[in-house]
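# Report on the structure
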Amino acid sequence: MKVLKFGGSCIRSAKDIKNLSTIINNYPRKEKLAIVVSAFQGITDQLEQCGNLAVKKNGGCQKAINAIGSLHLTVIDELFPVTDQSPVKTEVKIMINEVEDLCTGISFLEEFSPKTKDALIQYGELLSACIIYSYLKKDESDSIYVDARKVIITDDNFGKANVNLKLSYHKIRERFTRVKSIAIVPGFIASADTGQTTTLGREGSDYTAAIIATAVNALSLDKWTNVDGIMTADPIMVKNALPIKSLSYNEAMELAHFGAKVIYPPTLQTVIEKRIPIYIRNAFAPQKPGTKICLEKAKNGANVKGLSSIKDIALITVSGSGMVGVPGISMRLFGALAGKMINIIFITQASSEHSITIGFNQTDIKIASETISNEFSIEIQIGKVNEIEIEKNLSIVAIVGDKMKKSIGLAGKAFNSLGKNGINIRSIAQGSSERNISMVIRRDDLKKALNTLHESFFLSETKRVHLFLIGTGNVGLALLNQIHEQSEYLKKKHTIELKLIGIANSKKMYFDEAGIDIGNWNKELNSNGENTDPAKFLDIARTHNLRNSIFIDETADERITKLYQGFLEANISVVTSNKIASSSKFDYYKLLQETARKKNSKFLYETNVGAGLPIIKTIHDLVDSGDRILKLQAVLSGSLNYIFNSFDENTSFSEVVKIASEKGYTEPDPKIDLSGTDVMRKLLILARECGSQMELDSIKCEPFLPEVCLKSKTTDEFYSKLADQNEYFENLRKKALLKNEKLRFIAEWEPGKGSVGLSGIGPEHPFYNLDGKDNIIVIYTNRYKKQPLVIKGAGAGAEVTASGVFADIMRISIQ
């Protein structure tokens with residue numbers, strides 16, 4: 001005989017019952033089948049709600065009962081021809097009347113005890129089994145109905161009764177010897193010695209099936225549900241969860257203990273003795289193999305089989321010098337808790353014996369803390385034991401696998417993955433069998449932790465990186481295009497998937513945790529976006545709490561730089577071409593650097609100087625390798641270099657500036673470039689990377705822009721004033737031309753001082769032949785004294801700046 005169990009998730013409608021019948025008919029006809037069925041999906045909760053409404057004398061009770069009756073009668077209408085409906089409808093109506101009578105009594109007595117609740121909610125399974133039995137009997141005349149209350153005997157612990165297995169096995173064997181083909185059994189329900197109905201607790205239908213399977217020594221227990229088997233993680237939390245092909249009983253037990261909902265722990269405990277294999281199958285995809293649970297360990301396969309979790313737990317730590325070397329402390333602690341029927345789900349103890357930390361369901365924390373405090377009240381009073389410490393709003397994540405015992409580095413891999421994503425492990429425990437490692441974390445980090453671990457152990461070939469971008473101007477647009485074009489290459493070459501989760505411009509912002517289509521971001525932003533609020537953008541990104549997250553700032557807005565600290569604190573790395581933060585007050589610059597180190601996140605801003613040129617990285621490498629920077633000389637403004645290279649007798653200075661702005665070479669406010677402020681900021685950033693603690697006002701600036709232009713308040717006014725000064729700039733150009741010089745805006749730094757200013761450069765100078773919008777930096781160090789290190793290339797433009805930002809993103813992603 002085989003035992004089949006169909007859960008409520010696959011019994012929702014007439015269509016589902018027809019599907020159930022097809023599945024049963026696909027079993028070989030020679031096999032006897034015991035079919036255990038749950039209530040229709042949601043009906044148990046609805047029946048309990050009827051009782052709650054009745055005890056409150058709420059008029060909605062009758063309406064709720066009518067809805068339950070209507071659902072079942074509708075299923076009958078759809079399953080049976082009119083001529084065959086009367087008998088089964090009569091039985092269903094009788095049961096609905098009994099539900100009404102019970103609710104009337106509950107309302108009259110104003111009492112809804114566990115005993116009465118069992119009597120009421122039993123009708124979920126009774127209604128379901130009645131309809132399914134009647135439908136199957138049409139095609140299988142030898143089918144019989146077995147009332148579980150007649151064969152499964154329990155104590156009177158209503159709500160979660162304890163089964164008398166020896167007596168129940170005897171009654172089941174006696175009853176099932178008469179089964180010729182199919183027996184339909186309502187799950188979940190049983191009866192006490194007194195004959196009163198009891199229930200086996202939630203998921204008790206699984207237990208019913210396991211008891212029957214063990215009693216008849218079944219060939220297998222096939223559990224049909226709505227998922228493809230036991231998954232590597234909760235598919236609601238981890239979208240990429242995969243079905244597990246096989247598990248040992250021990251592995252399944254560990255996963256079930258830590259919250260895997262597909263299998264009920266007592267189910268396993270019952271069948272292990274007879275070594276009956278369990279198959280978890282998808283009723284809506286019966287062609288899929290599902291998960292096999294059996295005694296044998298898989299000879300091949302992953303060291304880690306799955307992840308499981310318990311969402312809401314709390315920890316209590318008992319500590320004190322009076323615990324060290326004192327026999328019986330643990331016995332008293334656990335004995336006191338057992339006396340109050342409090343379940344312990346996590347234990348860890350310091351080897352010094354100075355403390356014991358215990359985990360409970362958060363609902364038990366009040367009574368647990370009172371029980372422990374009372375047990376050790378004398379020791380607490382005299383200072384031998386400290387006041388107990390309580391930590392709430394926590395979760396447990398467990399990694400499970402039989403092969404973990406013989407595998408090196410699994411714990412390190414888990415801790416490293418979580419640490420990189422800013423997830424703090426509050427407590428750790430490992431079973432003596434070494435088939436699970438349990439970690440306590442903040443509840444808010446649960447989803448992030450599960451996805452991080454799942455990516456590390458099951459999807460190691462693909463790393464998903466989540467991007468949050470503010471700024472869709474020239475550089476932001478170029479960056480999005482580059483990411484879109486390179487997406488397939490990154491997957492193949494680096495096994496990295498970049499997913500855009502949030503995007504904003506000056507007007508709107510939009511988020512989608514599933515990922516925004518980068519090829520269609522503009523339409524989604526304009527159609528579905530809300531008004532841009534930078535602070536809210538940060539809050540939403542933090543709330544998503546996704547692993548491998550990067551915030552990208554492609555604005556020139558000081559307000560956005562004030563958000564960096566919040567992103568880094570949330571373990572979201574920051575990549576920016578906005579140079580305001582790194583050139584702001586040194587204390588803020590230092591704070592961002594320290595926060596990034598503290599939170600194991602990254603703060604990268606290579607494009608602050610030289611667009612896509614590797615200037616900052618090169619300085620870091622020199623300093624990190626022990627070299628000392630002695631002096632810097634540079635042309636750091638690609639926009640100014642372009643302007644002075646393009647300025648000739650045919651094109652006025654103001655016209656050249658407008659062209660540079662239109663090409664995206666200048667800041668949105670070109671006055672920042674022409675005043676020298678932009679170059680001052682860049683030089684300050686480089687000085688700080690060399691180890692200096694300079695402030696912006698420490699850099700001497702010799703402006704070439706007339707004061708009247710500097711005082712303009714709008715961009716239009718600036719261009720108007722600039723045009724008025726064309727003759728002044730023409731004189732500068734001619735003076736340089738007469739000396740066979742070219743105009744260059746040069747930045748210089750050496751320890752203790754920095755300066756920027758316009759200079760005429762002769763042919764002998766390395767800056768003389770600097771083309772177009774190129775930048776150049778000459779670095780003098782202890783190792784590069786006579787022949788300085790020179791970096792030269794395009795220093796402005798959306799494409800090259802975007803490529804530098806993209807490179808920073810990849811540096812973070814690949815690590």
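Conventions adopted
- Residues numbered from 1 in each chain as written.
- Predicted model: local features only at pLDDT ≥ 70, side-chain atom pairs only at ≥ 80, totals over all residues.
- Heavy atoms only, no water.
- Helix = DSSP H or I, 4+ residues; strand = E, 2+ residues; numbered from the N terminus.
- Rg over C-alpha atoms; globule rule 2.2 N^0.38 Å.
- Buried < 20%, exposed > 50% of the residue type's maximum accessible area, 1.4 Å probe, protein only.
- Contact = heavy atoms within 4.5 Å.
- Pairing = 2+ DSSP bridges.
- Axes fitted to C-alpha atoms, helices over the stretch in contact; angles between N-to-C directions.
- Disulfide = S-S within 2.5 Å.
- Salt bridge = Lys/Arg side-chain N within 4 Å of Asp/Glu carboxyl O.
- Core = buried A, V, L, I, M, F, W, Y, C linked by side-chain atoms within 4.5 Å.
- Expected span 1.5 Å × (residues − 1).
- pLDDT = per-residue confidence, 0-100.
- Phe/Tyr/Trp six-rings, centres within 6.5 Å; stacked < 30°, edge-to-face > 60°.
- Lys NZ or Arg CZ within 6 Å of the ring centre and 35° of its normal.
- Polar contact = N/O pair within 3.5 Å; in protein donor to acceptor, adjacent residues only side chain to side chain.
- Parallel < 35°, antiparallel > 145°, perpendicular 65-115°, else oblique.
- Nonpolar A, V, L, I, M, F, W, Y, C, P; charged D, E, K, R; others polar.
- Left-handed = near helix turned anticlockwise from the far one by under 90°.

## Let's talk about the overall build of the chain
Regarding its fold elements, the chain presents 30 helices and 30 strands. Taking 2.2 N^0.38 as the reference for a compact globule, 815 residues should give roughly 28 Å; the C-alpha atoms of the chain span a radius of gyration of 36 Å, well beyond that estimate. Overall, the C-alpha framework of the chain stretches about 115 × 75 × 55 Å when taken along its three principal axes. Counting every position in the chain, which comprises 815 residues, the buried fraction comes to 55%. At a minimum sequence separation of 6, the contacts of the chain that also span at least 24 residues come to 73%.

## Focus: the sheet that holds strand E17 (residues 436–442)
An order of E13-E14-E12-E15-E17-E16 is seen for the six strands of this open sheet, with the pairing classed as antiparallel. Edge positions in the open sheet fall to strand E13 (346–349) and strand E16 (427–430), since each of these has one partner strand only. Taken over all neighbouring pairs, the strand axes of this sheet differ in orientation by 30 degrees on average, direction set aside. As defined by bridge partners, strand E12 (residues 306–319) adjoins strand E15 (residues 389–400) across nine bridges and the pair is classed as antiparallel. Looking at E15, one finds that Ser309 is bridged to Val397.

## Observations concerning the sheet that holds strand E7 (residues 197–199)
With respect to topology, three strands assemble into an open sheet ordered E4-E6-E7, the strand pairing being mixed. Unpaired on one side and paired on the other, strand E4 (153–154) and E7 mark the two borders of the sheet. Across the face of the sheet, helix H5 (residues 114–137) comes into contact with strand E6 (189–192) and E7 while running at roughly 75 degrees to E7.

## Points about the state of the cysteines
This structure, assessed with the given rule, holds zero disulfides. This cysteine, Cys10, is not joined by any disulfide, and Cys130 carries the nearest cysteine sulfur, 19 Å off. The class of Cys10 is buried, set by a relative accessible area of 2%. Sulfur of Cys103: no disulfide; nearest cysteine sulfur belongs to Cys61 and is 3.9 Å away. Cys103 gets classed as buried once you look at its relative accessible area, which sits at 3%.

## Section: the pattern of salt bridges
Where charged atoms of side chains with opposite charge meet at close range, the side chains can pair. This structure, assessed with the given rule, holds 37 salt bridges. A salt bridge links Asp621 to Lys617, with the nearest nitrogen and oxygen atoms 3.2 Å apart. Pair noted here: Asp621 and Lys617 are both in helix H22 (residues 615–624), with a separation of four residues, about one helical turn. Residue Asp621 is classed as partly exposed on the basis of its relative accessible area, which comes to 41%.

## Section: the nonpolar core
Among the nonpolar cores identified, the biggest contains 98 residues, and Phe6, Ile35, Ile131 and Ile293 are the most heavily contacted of them. Sort the elements by how many residues they give to this core and H5 lands first, with 12 residues. When residues no more than four places from it in sequence are discounted, the contact partners of Ile293 are Ile230, Leu247, Ser248, Tyr249, Ala252, Ile263, Leu268, Ile276, Pro277, Ile278 and Ile280. Listed in part, the 77 residues of the second largest apolar core include Ile540, Ala541, Leu636 and Trp749.

## Details of helix H30 (residues 798–814)
With 17 residues, H30 extends 24 Å from end C-alpha to end C-alpha; this agrees with the ideal 24 Å at 1.5 Å per step. Buried within H30 we find Ala798, Thr801, Ala802, Gly804, Val805, Phe806, Asp808, Ile809, Met810, Ile812 and Ser813. Where H30 is buried, its residues touch strand E18 (463–470), helix H16 (474–494), strand E19 (496–504), strand E22 (549–553), strand E23 (573–576) and strand E24 (603–604).

## Here's the deal with the confidence of the model for the chain
On average, residues of the chain score 92 in pLDDT, and 98% of them reach the 70 mark or higher. Within the chain, the element-level pLDDT minimum falls on helix H9 (residues 249–257), averaging 83, and the maximum on E23, averaging 98.

## Some points on the packing of aromatic side chains
What describes a pair of aromatic rings is the distance from one ring centre to the other and the angle between the planes of the rings. Taken as a whole and judged by the stated rule, the model has 20 aromatic pairs. Ring geometry for Tyr728 and Phe729: centres 5.0 Å apart, planes at 70 degrees, overall edge-to-face. Residue classification places Tyr728 among the partly exposed residues on the basis of a relative accessible area of 33%. Relative accessible area serves as the criterion here: at 1%, Phe729 is assigned to the buried category. Through pairs of rings, three or more aromatic residues link up here, namely Phe468, Phe511, Phe537, Phe551, Tyr564, Phe567, Phe603 and Tyr605. One Lys or Arg, Arg688, reaches over the ring of Tyr589 and ends 5.2 Å from the middle of that ring. Sitting over the ring of Phe647, Arg733 keeps its end group 5.9 Å from the ring centre.

## With respect to the pairing of strand E29 (residues 774–781)
Counting buried positions along E29 yields seven of eight residues, so the element is predominantly enclosed. As paired strands, strand E25 (residues 629–635) and E29 are joined by six bridges and run antiparallel to one another. Bridge pairing in E29 places Gln633 opposite Val778.

## Comments concerning the side chain of Ser577
Its place among the elements puts Ser577 in the loop between E23 and helix H21 (586–598). Polar contacts involving the side chain of Ser577 include one to the side chain of Glu554, which spans 2.6 Å. Dropping the residues within four chain positions of it, Ser577 is found in contact with Asp553, Glu554, Thr607, Asn608, Thr801 and Val805.

## Comments concerning the environment of Glu764
Tracing the backbone shows Glu764 in the loop between strand E28 (753–761) and E29. Spatially, the C-alpha atoms of Glu764 and Glu741 are 9.9 Å apart, while their sequence positions differ by 23 residues.

## Details of the environment of Leu73
Within the secondary structure layout, Leu73 lies in helix H3 (residues 60–79). Separated by 524 residues in the primary sequence, Leu73 and Arg597 place their C-alpha atoms 64 Å from one another.

## Details of unusual backbone geometry
Glycine aside, residues mostly have negative phi angles, and peptide bonds mostly take the trans form. Notably, Asn393 is not glycine yet its phi reads approximately 60 degrees, a positive angle. Tracing the sequence through the fold places Asn393 in strand E15. You will see that Asn571, though not glycine, has its phi angle at about 65 degrees, which is positive. Tracing the sequence through the fold places Asn571 in the loop between helix H20 (564–569) and E23. Residue classification places Asn571 among the buried residues on the basis of a relative accessible area of 8%.

## A closer look at the pairing of strand E10 (residues 278–282)
Burial analysis of E10 places four of its five residues in the buried class, which makes it a mostly covered element. As judged from the five bridges shared by strand E8 (residues 221–225) and E10, these two strands associate in the parallel manner. Within E10, the position partnered with Thr225 by the bridge is Asn282. Of the pairings in the sheet, the one linking E10 to strand E11 (residues 291–294) comprises three bridges and is antiparallel in character. Across the sheet, Ile278 pairs through a bridge with Ile293, a residue of E11.

## Focus: the packing of helix H4 (residues 85–109) against H5
Two elements in contact, H4 and H5, have axes separated by 10 Å at closest approach and are oriented at 170 degrees. By the angle between their axes, H4 is roughly antiparallel relative to H5. Residues Val88, Glu91, Val92, Met95, Ile96, Glu98, Val99, Leu102, Cys103 and Ile106 of H4 pack against Thr116, Ala119, Leu120, Tyr123, Leu126, Leu127, Cys130, Ile131 and Ser134 of H5. Residues of the contact of H4 with H5, tallied by class, amount to 15 nonpolar, two polar and two charged.

## Focus on the environment of Val36
Take Val36: it is sitting in strand E2 (residues 33–37). Assessed through its relative accessible area of 0%, Val36 is described here as buried. Along the sequence, Val36 and Lys137 sit 101 residues apart, while their C-alpha atoms lie 15 Å from each other. Discounting chain neighbours no more than four positions away, the residues touching Val36 are Val3, Leu4, Lys5, Phe6, Val185, Gly187, Ser205, Thr208, Ala209 and Ile212.

## A few points about the packing of helix H2 (residues 43–55) against H4
Contact pair H2 / H4: the axes reach a minimum separation of 7 Å and the direction vectors enclose 35 degrees. Pair H2 / H4 crosses with right-handed handedness. Taking contact as the criterion, the partners of Leu47, Cys50, Gly51, Ala54 and Val55 in H2 are, on H4, Val99, Cys103, Ile106 and Ser107. Here the residues of the contact of H2 with H4 are counted per class, giving seven nonpolar, two polar and no charged.

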